[in-house]
Amino acid sequence: MNILLCAKQVPDDAVEVSMGADGKPAIDKIDKVVNAFDTYALEMAARFKEAAGEGEITVLCVGPDDAKNGLKNCLAVGGDYAYLASDEAFEGSDMQGIASILKDAIRKIEADKGIAFDIVCTGKEATDMALGQGGILLADKLGTGVITNVIAFDTDENGVSAKQETEEGYRTVAADLPVVLTISKPDYDPRFPKIKAKLAARKKPIEAVAADALSDEGKAAAGEGNAKLKILRSYEPPKKESGVKIQEESDEDSALAAVKMMTEAKVL
Amino acid sequence: MNKQDTKGVLVYIETAGGAPVKVSEEILEPARQIAAKSGSDVTAVVIGENIGDAAAQIAEKGADTVIAIDSPDYKDYNLDAYADVLRQVIDDVKPEAVLIGATQDGKDIAPKLAAAFDSASASDVVGIDFDDDGNIIWTMPAYSGNILYDAVIEEARPQIGTIRSGTFKKLEEAPKGSVESRDIKAADDVIKAVIRDSVKEMAESVNLEEAEIIVSGGRGMGTKENFQQVVDLAQLLGGVVGATRPAIEDGWIPRNHQVGQSGKIVAPKLYIACGISGATQHLTGIVNSDYIVAINKDEDAPIFEVANIGIVGDVNKVLPVMFEEIKKIKEEA
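Novice: Just to check I follow, could you spell out the interface of chain B and chain A for this structure?
Specialist: Interfaces are frequently sized by the accessible area removed from exposure as the parts join. Taken residue by residue, the interface counts 83 residues in chain B and 70 residues in chain A. Taken together, both faces of the contact between chain B and chain A bury some 6,600 Å²; the carbon and sulfur share is 57%. Area buried by chain B at its contact with chain A is led by Gln104(B), Tyr143(B) and Asp150(B), which between them contribute 11% of it. For the pair chain B and chain A, the number of links is six salt bridges. Glu168(A) is paired through a salt bridge with Lys200(B); the nearest N and O atoms lie 3.4 Å apart. Inspection of the chain B/chain A interface yields 33 residue pairs in polar contact (both at pLDDT 80 or more). Considering only residue class, the side of chain B that touches chain A consists of 44 nonpolar, 17 polar and 22 charged. Note that strand E9 (residues 169-175) of chain A and strand E13 (residues 193-200) of chain B share seven bridges and pair antiparallel. Note that in E13(B) the partner of Arg171(A) across the bridge is Ser198(B).

Right under this line is the structure:
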């Protein structure tokens, strides 16, 4: 089974982002990490591969040169091969652009290696922009089915069967292979890299994919100039004015004072 | 689609148990705004089986025309089928904009339509405005809600957006529209994934989005037993129980109670946060609440920055007194 993971490098989502003096979100000084949902996808793929006792996991990222660090981390926790699609021509792409780049990169990797990916997986959304569109747009371009918000999956001779998380439970969704899966948080955490795996990952090559891999359709979609959704400006949301703080002698008194205020405000 | 060929607004109405979900009614408000701007109409689309009542209801709530696609074929939701039906309606109506509630399924349908029309979709929209050319300016959150950004779709049509629940209010008054039944079949070759089974794990459905009062608990509650105080206060107030991700991960309450970026975005009249420090991912989900009361022992907790009343103290000592006092008031009333 050939599995491809699309991973994105994002600013550490544990850090609060504020606006920089240049009118853009100040993310340069924040550590970059692999998008949490992509790490869940990698862990799920790694467990699937281990259970099957065969298969290979290729990790593909569209991003700047420093995204190599994230790819190295992926290679240390289950990834077998890594590709970085990086080119000035890719910068400023919107989601349709990114999906086109991913599609062309996937087709190039498949052609170069003489394989076809059975499962393409990615996080259900990235923690930075949280659009949740990538998997669906990519499936459309690849012409495959897509199952979103997956928390478990398995394959058999009929294709893939996945557990899709819903607000009140789950759905069991079936599709033919190849398929695109977008992964939500399962009830386990991604593994930590072992030192040996980390060292081995450092030695593994990261293959490059550049703009010359793009099809005509990809060229027409990639880059800022082709973006259909144009960002005008970013800003911090207006802060809600904070109200009164109550800290009486005892917690009991504080509680009584609060209920009095709530009654006066007629919110009860 | 050519920009000059498009006119009007199309709204997809998601239903649950035969009734429109709350956000589907809310999006008729921005739909009317957009239609007023271009002097056009609002068309709503309802897909499902036995959705006549839902369609009639929407005709009273702000749609000029409701297209009802009522068929056993659509008894169960299927992303590929529903998106293809919508694609056919859009092809026919040629709207300048398509609005969809940002539910889990709505957020899947929107990019499918964006792909079908080689357009773009805005996700989790929290506000709209217009640029000088009449294009919609979509306001969206990024970085867990710490940053907002405005974006436009200048040329591609239709402009598509999924609107976050609680952003707009249902219209109080609306023109009366008409319902039109249509028989539209999804193309045979579009269905690539099929739902075999749908399971409700949670015993009760939790309606956080429509709740007027929410009492939420976080890790500061300490134990599952202590968390019961949150449940008790919610019951006393006739409210709904909310929770933070840590409280859910600790197994104190099922995950359909989660409030925040990865749970429900809520906008109650009263939100009581118990033992919640106020991580951005949680605050993002509650900032539209009318009145926030927070109880936390750490006086520097971020939750106090958004609270109307912040009680600095031990939540497990404050809550029992609050409960008794409110109970007394209720009994006197």
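Novice: Looking at this structure, how should I read the domain arrangement of chain B?
Specialist: Residues and elements named next belong to chain B. Partitioning chain B into domains gives domain 1 (3-190) and domain 2 (213-332). The C-alpha-based centres of domain 1 and domain 2 are spaced at 33 Å. Taken together, the contact between domain 1 and domain 2 spans six residues of the former and six residues of the latter. Summed over the shared surface of domain 1 and domain 2, the result is zero salt bridges. Applying the counting criterion to the domain 1 and domain 2 interface returns one residue pair in polar contact (both at pLDDT 80 or more). Tallied by class, the residues present in the side of domain 1 that touches domain 2 amount to no nonpolar, five polar and one charged.

Novice: I'm lost on empty space enclosed by the protein in this one. Help?
Specialist: One way to see where empty space is left: roll a probe the size of a water molecule over the atoms. Within the structure shown, the criterion is met by three cavities of 30 Å³ or more. Quantified by volume, the largest cavity comes out at close to 120 Å³. Around the largest cavity, the lining comprises 14 residues; the ones closest to its centre are Val146(A), Gln164(A), Val173(A), Leu79(B) and Ala193(B). Among the residues making up the lining of the largest cavity, the classes are represented as eight nonpolar, three polar and three charged. In this structure, the second largest cavity spans a volume of roughly 60 Å³. In terms of lining residues, the second largest cavity is bounded by Pro11(A), Asp12(A), Asp13(A), Val15(A), Val17(A), Thr127(A), Asp128(A), Tyr143(B), Ser144(B) and Asn146(B). Counted by class, the lining of the second largest cavity contains four nonpolar, three polar and three charged residues.

Basis of the calculations
Every residue gets a number counted from 1 within its own chain, in the order that chain's sequence is written. The lettering of chains begins at A and the numbering of ligands begins at 1, in the order of writing. Where local features are concerned, this predicted model is filtered to residues with pLDDT of at least 70; where side-chain atom pairs are given and counted, the filter is 80 or more; whole-chain, interface and lining totals use all residues. Note that the side-chain values use all heavy atoms of the structure and ignore hydrogens as well as water. Contacts were defined at the residue level, with two residues in contact if any of their heavy atoms lie within 4.5 Å. Accessible surface is computed with a 1.4 Å probe, and the buried area is the amount of it that two parts give up when combined, taken over both parts together. We define a salt bridge as a side-chain nitrogen of Lys or Arg found within 4 Å of a carboxyl oxygen belonging to Asp or Glu. Counting of polar contacts relies on pairs of N or O atoms within 3.5 Å, with two restrictions inside protein: one atom must be capable of donating a hydrogen and the other of accepting it, and residues adjacent in sequence are counted only when both atoms are side-chain atoms. All residues other than Ala, Val, Leu, Ile, Met, Phe, Trp, Tyr, Cys, Pro, Asp, Glu, Lys and Arg, Gly among them, are scored as polar; the first ten of these are nonpolar and the last four charged. For two strands to be treated as a pair, DSSP must find no fewer than two bridges joining them. Labels follow the DSSP assignment, with helices taken as runs of H or I lasting at least four residues and strands as runs of E lasting at least two, numbered in each case from the N terminus. Where each domain starts and ends comes from a domain assignment, either automatic or drawn from a database. Of the grid points, spaced at 1 Å and generated over the protein atoms alone, those admitting a 1.4 Å probe that cannot get out make up cavities, while open sets with protein on both sides within 12 Å along at least five of seven lines make up pockets; any residue with an atom within 4 Å of a point is treated as lining. Grid points are joined across faces, edges and corners, and a volume is the space filled by probe spheres set on the points.

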